Amino acid sequence: MAPKTSSPPASTNVVHTLWKAYNEQTSDRLKFVDAFLFFLMLSGIAQFLYCVLVTDYPFNAFLAGFSSTVGQFVLTASLRSQVNPENRNEFKEVSPERAFGDFVLGSIVLHFFVYNFLG
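Everything quoted here is computed from the prediction, not taken from an experiment.

1. As for the packing of aromatic side chains
- The tally for this structure, following the rule as stated, stands at seven aromatic pairs.
- Ring centres of F36 and F39 lie 6.3 Å apart, and the angle between their planes is 25°; this geometry places the pair in the stacked category. Of the two residues, F36 and F39 both sit in helix α2 (residues 28–53), three residues apart, roughly one turn of that helix.
- We classify F36 as partly exposed; its relative accessible area is 31%.

2. Some details on helix α1 (residues 10–25)
- In this model, α1 (16 residues) spans 22 Å end to end at C-alpha, consistent with the 22 Å of a helix rising 1.5 Å per residue.
- With zero of 16 residues buried, α1 is to be regarded as a mostly surface element.

3. Some details on the confidence of the model for the protein chain
- In the predicted model, the protein chain carries a mean pLDDT of 91, and 92% of its residues have values of at least 70.
- Mean pLDDT values over the elements of the protein chain span from 89, in α1, up to 95, in α2.

4. Brief notes about the side chain of T26
- Locating T26 in the fold gives a position in the loop between α1 and α2.
- Reaching out from T26, the side chain makes a polar contact with the backbone oxygen of Y22 at a distance of 2.9 Å.
- The contacts of T26, once residues within four sequence positions are left out, are A21, K31 and R80.

5. A look at the environment of S78
- Position of S78 among the secondary structure elements: in helix α3 (residues 59–83).
- Considering only alpha carbons, one finds S78 and R88, 10 residues apart in sequence, at a separation of 14 Å.

The rules we used
- Residues numbered from 1 in each chain as written.
- Predicted model: local features only at pLDDT ≥ 70, side-chain atom pairs only at ≥ 80, totals over all residues.
- Heavy atoms only, no water.
- Phe/Tyr/Trp six-rings, centres within 6.5 Å; stacked < 30°, edge-to-face > 60°.
- Helix = DSSP H or I, 4+ residues; strand = E, 2+ residues; numbered from the N terminus.
- Buried < 20%, exposed > 50% of the residue type's maximum accessible area, 1.4 Å probe, protein only.
- Expected span 1.5 Å × (residues − 1).
- pLDDT = per-residue confidence, 0-100.
- Polar contact = N/O pair within 3.5 Å; in protein donor to acceptor, adjacent residues only side chain to side chain.
- Contact = heavy atoms within 4.5 Å.

See below:
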């Protein structure tokens, strides 16, 4: 009888295939935006865990920081969908420069409200 060869689990193979396709087909501009989205996600998780495990005092500071992170994540996800070349049919009238300008203006307004919420 021949010895069994151990093959990697199917889930590992799928993740590896997905990662390889992402690296080959995604532009550097979108990878940069994705890295910022990942940072925002980790920042939100860290803020939430700190609030739950350590303290929520002062609570308005936690709310301001967490809502800033979530708001920036939403604005960045919107930017990513607008500058993605595969979505060109969805955003015919929006150039990448206009999308970035909207992102910057939205970020300024978001952080203005967050700053005012802090008091």
